[in-house]
Amino acid sequence: MKRRNFLNTLLGLIAGTVVSKKSYALDRRQWKMVTSWPKNFPGLGVGAENLANLITKLSNNRITVRVFGANEIVPPLEVFDFVSQGGAELGHSGAYYWKGKSPACQFFSSVPFGLTPQEMNAWLYYDDGIRLWEKLYSRFNLIPRPAGNTGVQMGGWFNKEINSINDLRGLKMRIPGLGGEVLAKAGGIPVTLPGAEIFTALQTGAIDATEWVGPYNDRAFGLYKVAKYYYYPGWHEPGPSIECIINKDAYQSLPEDLKVIVDTACKAVNIDMLADYTAKNNIALNFLKSTNIEIKKFPDDVLKTLREISDSILSDISSHDEITKEIYLSFTEFRDNINSWTEISNKSYLNIR
Ligand code: CA
């Protein structure tokens, strides 16, 4: 009798050990991150890599994240569906690529004449931005987090001068998304091309002009070798947020501390990428100034017309459905309100520096 009790206790102890070892093993997760960028691409791809490393290290390997560049598992524009369906737990991309899912997605990357990176973070973190973004993405089984920003972009590369809005007529320009829609209304012909094809298209004259990102990324593609004029500012992308999308089931399966780790890693990369772009854009701009290109500002009346067209396109989008209207109203109200503060803070300071 005694012996049987002893054996039972022993078996119980062994079983207990097995169970606790098993639960420890279950607490380790191997996650995949699919991205819309070539692996380790300056700025964007480096940001994805940093995010994966941070989650892995901060969690002490309880989540190990492996990054896959564009086309390694899925093409760059299928990241959203793949993470939504659970093919990967994480995605690193830009929300405006998903305008086919909902036109409202575009407000969470960048819209023409929208928010600067500083204002965008204010809307996302301390106004309704993230709450509305989560609401929009929840129907796709995704949780979104800001995870990078390229800063204000450049207006693009041209081989003829833009002196009036009429110079945009018939202009075949690589400019995706809402910026492209604005160009079309101004009489131009927008073209969407993946980054890797831009150089050859401009060189062969398949396109007349292109935008890409800013000096850091544009120099890497060698665009200064095939265009005469580099125009600013990037009215169409004044500081696009880069997103980390998390499969909702995967996120909800995490204990509280791991959720905080994933969220905090996204926040860290959000700041880090903007600092990377700001520092490297400056270095690349100095290089570009030493080449034969001319750096020019769009004329004020051209920008004014583009602004008017942009406002009417955004307002058209808002009638798409209820949630798009809600997001449009939150975004535009925030932009119009923050303007009065930005005007007397950043803008007036930069004007006197
Ligand atoms: Ca761009």
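Keep in mind that what you see is a predicted model, and the values were worked out from it rather than measured.

## Examining the packing of helix α2 (residues 44-58) against helix α10 (residues 256-289)
In step 1: Packing of α2 against α10 brings their axes to within 9 Å, and their N-to-C directions diverge by 145°. Here α2 and α10 pass one another in a crossing that is right-handed. Taking contact as the criterion, the partners of L44, G47, N50, L51, L54, I55 and L58 in α2 are, on α10, I261, V262, A265, C266, A268, V269, D272, M273 and Y277.
In step 2: Along the lines of polarity and charge, the residues of the contact of α2 with α10 split into 13 nonpolar, two polar and one charged.

## A look at the sheet that holds strand β3 (residues 90-93)
In step 1: In space, the five strands of this open sheet follow the order β2-β1-β3-β10-β4, with mixed pairing throughout. Two strands lie at the open edges of the sheet, namely β2 (63-68) and β4 (142-149), each paired on one side alone. The mean inter-strand angle of the sheet, taken between neighbouring strand axes irrespective of direction, is 25°.
In step 2: Taken together, the three bridges between strand β1 (residues 29-35) and β3 define a ladder with parallel strand orientation. When the bridges of β3 are listed, M33 appears paired with L90.

## Details of the packing of aromatic side chains
In step 1: Counted under the stated rule, the structure contains 23 aromatic pairs.
In step 2: Centroid distance F107 to F331: 5.2 Å. Interplanar angle 55°. Geometry classified as tilted. Here F107 is found in the loop between β3 and α4 (117-126), whereas its partner F331 is found in helix α12 (residues 322-352), with 224 residues between them in sequence. When sorted by exposure, F107 lands in the same class as F331, which is buried.

Here is what the cut-offs are and how they apply
Residues numbered from 1 in each chain as written. Predicted model: local features only at pLDDT ≥ 70, side-chain atom pairs only at ≥ 80, totals over all residues. Heavy atoms only, no water. Axes fitted to C-alpha atoms, helices over the stretch in contact; angles between N-to-C directions. Helix = DSSP H or I, 4+ residues; strand = E, 2+ residues; numbered from the N terminus. Left-handed = near helix turned anticlockwise from the far one by under 90°. Contact = heavy atoms within 4.5 Å. Nonpolar A, V, L, I, M, F, W, Y, C, P; charged D, E, K, R; others polar. Pairing = 2+ DSSP bridges. Phe/Tyr/Trp six-rings, centres within 6.5 Å; stacked < 30°, edge-to-face > 60°. Buried < 20%, exposed > 50% of the residue type's maximum accessible area, 1.4 Å probe, protein only.

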